[in-house]
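# Structure at a glance
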Amino acid sequence: MTVLRWPSFVAGVALVLALVIGVSVSGPGTLPAVAADAVTITPLGSHDGEFCARDRALVLEDPNGVRLLYDAGRTVAGADDPRLGDIDVVLISHVHGDHLGDRRIPEVNAGTCASPQTDISTIPNSNSVDIAMGKGARIIVGSEIAGFLANKVGTLGGDPDSVQLVRFGASRQVDGVSITTVPAVHSNGLSGAFIEGELGEQLSAAGLNAYVGPPTGYVITFTNGLVVYLSGDTGVTAEQETVVKNQYGAELVVMNIGDTFTTGPREAAYVIDELIHPAAVIASHANEAATANGELLPDTKTAQFIEATATPVYVPLSGAAIAFDGEGHCTAGCMAY
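In this report, the structure presented in the accompanying data block is examined. (Residues numbered from 1 in each chain as written. Predicted model: local features only at pLDDT ≥ 70, side-chain atom pairs only at ≥ 80, totals over all residues. Heavy atoms only, no water.)

### Quick notes on the nonpolar core
With 58 residues, the main nonpolar core has Leu69, Leu91, Ile139, Leu149, Ile179 and Phe324 as its most contacted residues. Looking at this core element by element, the count peaks at six residues for helix α4 (residues 145-155). Those residues within four positions of Ile179 in sequence are excluded, and the remaining contacts are Leu68, Val89, Leu91, Ile140, Val166, Ala170, Ser171, Arg172, Val174, Tyr218, Val219 and Ile220. If you look at the next biggest cluster of nonpolar residues, it comprises 26 residues, including Met255, Ala269, Ile276 and Ala283. (Core = buried A, V, L, I, M, F, W, Y, C linked by side-chain atoms within 4.5 Å. Buried < 20%, exposed > 50% of the residue type's maximum accessible area, 1.4 Å probe, protein only. Helix = DSSP H or I, 4+ residues; strand = E, 2+ residues; numbered from the N terminus. Contact = heavy atoms within 4.5 Å.)

Pasting the structure below:
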């Protein structure tokens with residue numbers, strides 16, 4: 001069933017009129033002259049117009065209106081964040097606090113880009129679960145994390161069946177959008193702070209985490225044909241070539257470049273240029289203030305990644321939507337390096 005929402009319908013009419021009469025249409029997370037069959041991707045970072053240290057979250061919107069929130073982490077101000085709009089699916093690559101969301105910003109632009117203010121605790125539920133509950137969204141994840149999150153949703157009065165598992169090699173369909181998980185090489189330990197009662201206290205006291213299955217990345221196939229690989233936190237994997245490239249033919253990649261805990265700039269460039277060969281890549285998880293006044297800073301990991309790869313790189317400036325066609329080419333909001 002196609003999702004059709006009144007605000008999206010009105011926005012679509014406005015865009016059509018703009019194209020016909022040459023009037024510019026703009027607003028938070030919107031683009032002038034977006035093709036009707038484009039996928040739009042809007043970063044939700046801590047500071048408007050910047051790529052900052054804690055930024056992970058993206059909203060990906062299919063041409064039919066289905067909206068996916070990827071790794072809300074700490075830079076979305078809960079379910080009431082006005083930037084979110086409608087959310088149909090929440091995706092969580094793994095349960096580390098900076099992705100699941102152990103705390104969050106109180107509002108956009110709090111603190112600095114290098115050190116955002118993220119002092120609103122979201123444990124034991126998590127920012128991701130709070131958002132899914134507030135938006136009435138389903139959660140789609142891989143591995144045993146699904147059971148843990150289903151318990152959280154049920155305890156809060158939601159439907160545990162809204163948390164859905166998709167294991168490697170399989171997929172789930174959401175109104176024509178196909179979602180599958182792929183392996184990520186990382187850890188996936190759940191902090192005891194998320195586990196209520198004596199067990200959580202014991203884990204925290206011992207400095208241990210609970211294992212909830214392997215971490216994942218995602219491959220999303222949109223209704224316009226665009227295939228997007230969301231790497232999650234990962235190192236270099238064989239599946240980036242055998243599955244992401246050869247099986248699914250991903251044309252757009254969201255790639256973690258933070259180094260030490262994930263692929264660094266040069267490792268990420270190897271994944272992009274030698275293994276996947278997409279048409280475009282969006283840098284992610286840089287763990288730095290990569291921009292100032294919307295301009296890329298030199299001597300940053302983001303700048304190193306751009307220099308190291310031959311593929312067009314888009315820097316995810318918070319609130320600045322980017323539109324892509326079915327072949328991974330940017331059609332609006334384009335500022336590639």
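### Details of the environment of Ile120
Structurally, Ile120 can be placed in strand β6 (residues 120-121). Residue Ile120 is classed as partly exposed on the basis of its relative accessible area of 30%. Along the chain, Ile120 and Thr75 lie 45 residues apart, while their C-alpha atoms are 11 Å from each other. Residue contacts for Ile120: discarding those within four places in its chain leaves Arg103, Arg104, Ile105 and Pro106.

### Section: the packing of helix α6 (residues 239-247) against helix α7 (residues 265-276)
At a closest axis distance of 9 Å, the pairing of α6 and α7 adopts a crossing angle of 60 degrees. As far as their axial angle goes, α7 and α6 are oblique. As for the relative orientation of α6 and α7, their crossing is right-handed in sense. Contacts between α6 and α7 involve Gln240, Glu241, Val244 and Lys245 from the first element and Val271, Leu275 and Ile276 from the second. Residues of the contact of α6 with α7, tallied by class, amount to four nonpolar, one polar and two charged. (Axes fitted to C-alpha atoms, helices over the stretch in contact; angles between N-to-C directions. Parallel < 35°, antiparallel > 145°, perpendicular 65-115°, else oblique. Left-handed = near helix turned anticlockwise from the far one by under 90°. Nonpolar A, V, L, I, M, F, W, Y, C, P; charged D, E, K, R; others polar.)

### Focus on the pairing of strand β3 (residues 67-70)
The alternating pattern of β3 places Arg67 and Leu69 on one face and Leu68 and Tyr70 on the opposite face, and all of these are buried. Here four bridges tie strand β2 (residues 58-61) to β3, and the two strands are oriented antiparallel to one another. Along β3, the bridge assignment pairs Glu61 with Arg67. In this structure, the hairpin formed by β2 and β3 is closed by a connection of five residues, where Gly65 is found at a positive phi of approximately 100 degrees. Bridge count between β3 and strand β4 (residues 89-91): three bridges; the pairing is parallel. Following the sheet pairing, Tyr70 is matched in β4 by Leu91. (Pairing = 2+ DSSP bridges.)

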